[in-house]
Amino acid sequence: MTHTIPDLGYTPVPDIFKLPAGVNFGPCSGVAVNDKNNVLVFNRSENALMEFTSMGDYVRTMGRGVFTNPHGLRIDREGNIWCTDTGSHIVVKMNADGRILMVLGVAGRAGEWHAAGHLRCFNEPNDLAFAANGDVYITQGHGKGDNLVHRFTANGDHVKTWGGTGKDKGKFDQPHSIVINGKGLLYIADRSNARIQVFDADGNYIRETSHPGTPCGLAMCNDNAHMMMAHGHAGKVMKLDENCNVLGITGSQGKGPNQYGEAHYIALDKNEDIYVGDTLNWRVQKLVKK
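Computed from a predicted structure; not experimentally measured.

Undergrad: Explain the overall build of the chain to me, and be specific about the residues and the numbers.
TA: Helices and strands together make up the secondary structure of the chain, namely zero helices and 26 strands. The C-alpha radius of gyration computed for the chain amounts to 18 Å, which stays within 12% of the reference 19 Å derived for 290 residues, consistent with globular compactness. Across its three principal directions, the C-alpha atoms of the chain cover 55 × 50 × 30 Å. Taken over 290 residues, the chain has a buried fraction of 56%. Across the chain, the fraction of contacts at a sequence separation of at least 24, relative to all contacts at a separation of at least 6, is 43%. On the chain, roughly 12000 Å² of surface is accessible, and the fraction owed to carbon and sulfur atoms is 49%. Side-chain charges in the chain split into 29 positive and 30 negative, and the spacing between the mean points of these groups amounts to 1 Å.

Undergrad: Could you give me a rundown of the sheet that holds strand E3 (residues 39-43), with the residues and numbers involved?
TA: Ordered by their spatial adjacency, four strands build an open sheet running E2-E3-E4-E5, and the pairing between neighbours is antiparallel. Only two strands of the sheet have a single neighbouring strand rather than two, namely strand E2 (28-33) and strand E5 (58-62). The sheet shows a mean angle of 20° between the axes of neighbouring strands, taken without regard to direction. Sheet topology places E3 next to strand E4 (residues 49-52); four bridges connect them, and they run antiparallel. Each residue of the ladder has a partner; that of Leu40, found in E4, is Glu51.

Undergrad: So what's going on with unusual backbone geometry? Residues and values would help.
TA: Positioned with a positive phi, Ala194 is a non-glycine residue whose angle comes to about 55°. In this fold, Ala194 is placed in the loop between strand E15 (186-190) and strand E16 (195-199). Here Ala194 falls in the buried class, since its relative accessible area comes to 17%. For Glu272, which is not glycine, the phi torsion reads 60° and is therefore positive. Looking at where Glu272 falls in the secondary structure, it is placed in the loop between strand E24 (263-268) and strand E25 (274-278).

Undergrad: Before we move on, can you summarise the packing of aromatic side chains with the specific residues and values?
TA: By the definition in use, this model includes eleven aromatic pairs. Between Phe172 and Phe199, the ring centres sit 5.7 Å apart and the planes meet at 45°, which makes this aromatic pair tilted. On the criterion of sequence distance, the pair formed by Phe172 in the loop between strand E13 (158-163) and strand E14 (175-180) and Phe199 in strand E16 is long-range, its members being 27 residues apart. Since its relative accessible area comes to 1%, Phe199 is described here as buried. Among the aromatic side chains, those forming a connected cluster through ring pairs are Tyr137, Trp162, Phe172, Phe199 and Tyr205.

Undergrad: Provide a residue-level description of the side chain of Thr209, including the pertinent values.
TA: Within the secondary structure, Thr209 is located in strand E17 (residues 205-210). Within polar-contact distance, the side chain of Thr209 engages the side chain of His211 at 2.9 Å. Apart from residues lying up to four places away in sequence, Thr209 is in contact with Ala194, Arg195, Ile196, Asn243 and Cys244.

Undergrad: Summarise the environment of Val91; cite the residues concerned and give the values.
TA: Along the chain, Val91 falls in strand E8 (residues 90-94). What makes Val91 buried here is its relative accessible area of 1%. Linking Val91 and Gly105, residues 14 residues apart in sequence, is a C-alpha distance of 6.6 Å. Ignoring sequence-local partners within four residues, the contact set of Val91 consists of Trp82, Cys83, Thr84, Met102, Val103, Leu104, Phe122, Pro125 and Ile138.

Undergrad: A description of the environment of Val33 should follow, citing residues and the corresponding values.
TA: The residue Val33 is located in strand E2 in this model. Considered as a pair, Val33 and Asn147 are 114 residues apart in the sequence and their alpha carbons are 28 Å apart. If sequence neighbours within four positions are ignored, Val33 has contacts with Asn38, Ile75, Ala267, Leu268, Asp269 and Tyr275.

Undergrad: Break down the state of the cysteines for me, citing the residues and quoting the values.
TA: Considering all chains together, one arrives at zero disulfides under this definition. Not engaged in a disulfide, the cysteine Cys83 finds its nearest cysteine sulfur in Cys28; these two sulfurs lie 14 Å apart.

The rules we used
Sequence order sets the numbering: in each chain, residues are counted from 1 along the sequence as written. In view of the model being predicted, local features appear only for residues whose pLDDT reaches at least 70, and side-chain atom pairs are presented and counted only at 80 or more, with totals across whole chains, interfaces and linings using the full set of residues. Neither water nor hydrogens contribute to the side-chain values; these are computed over all heavy atoms in the structure. Helix numbers and strand numbers start at the N terminus; a helix is a DSSP run of H or I with at least 4 residues, a strand a run of E with at least 2. Only C-alpha atoms enter the radius of gyration, while the globule expectation follows 2.2 Å times N to the 0.38, with N the number of residues. Each residue's exposure class comes from its accessible area (1.4 Å probe, protein chains only) as a fraction of the maximum for that residue type: buried when under 20%, exposed when over 50%, partly exposed otherwise. The contact criterion used is simple: two residues touch if any of their non-hydrogen atoms lie within 4.5 Å. To be clear on the numbers: accessible area is Shrake-Rupley with a 1.4 Å probe, and residue cover counts the displayed protein chains and nothing else. In this tally, Asp and Glu contribute negative charge and Lys and Arg positive charge; neither His nor the terminal groups of the chain are included. Note that the charge is assigned to NZ on lysines, CZ on arginines, CG on aspartates and CD on glutamates. Any two strands are treated as partners once DSSP identifies two or more bridges connecting them. For every element, the axis is a line fit to its C-alpha atoms; helices are fit only across the contacting stretch, and the angle between N-to-C directions ranges from 0 to 180 degrees. Here a pair means two rings of Phe, Tyr or Trp (six-membered ring of Trp) with centres within 6.5 Å. Their orientation is stacked below 30 degrees between planes, edge-to-face above 60, and tilted elsewhere. N or O atoms within 3.5 Å of each other form a polar contact, as long as, within protein, one can give a hydrogen and the other can take it, and as long as residues adjacent in sequence are counted only when both atoms are side-chain atoms. Pairs of cysteine sulfur atoms within 2.5 Å are what we label disulfides.

See the structure below:
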């Protein structure tokens, strides 16, 4: 008997973002929601990081001239903004006003991470997540170099690295997104291996689930147990339980409302309205509960 996955129960709000005159988004790679319920859009244009209200009113632009190829975007518990750049091979931490507080990696220099030496270079950092103790986990590997997970303290001190390129357990082929649930488990969307792998805080492999296609972006729901997944070129948004079973689904491939060229990254606000960044259609769509 075929199991039918129920509709997720959301409807799109078309074209809500009111951009300044003459300004357009570039490919929208990242999206995040801050404690004001404002929406930050990370896109590949000269206006790399823009902030809007939940109603789409423009607030400000940050990060002009900083980024080469914007990719991942997260906001920590203190409201700091963290951005990954796969072109410049850096991770940038900014405060809520957009002032740079920390840079991990060396801008423009791709390399492997050597904890005991002087080389401290990423090779295409993708995404990051924050543990309850403040540690930061950063995934890297977007087609070049080794596919790794790096763990740092909140102060930027390197703790450990694991992974490597491959299909075996604990190996990766584009570890594209990472989240940490309320139990401290790490969920990593291993995109080109079409799976989600689960690890403990020390990087020990626990289990994996298959998600055929390109599982791109993960975001924790407000209960810190369930997750939302942006399923890449399939144009799907899926809700998963802690075992990564699919509980609900919405969206499709295309260019219309609730359709996506590449559902790349995803974020939820306080009401669990959903924002989906689309790198191919150059937009972020908002989905609200029906």
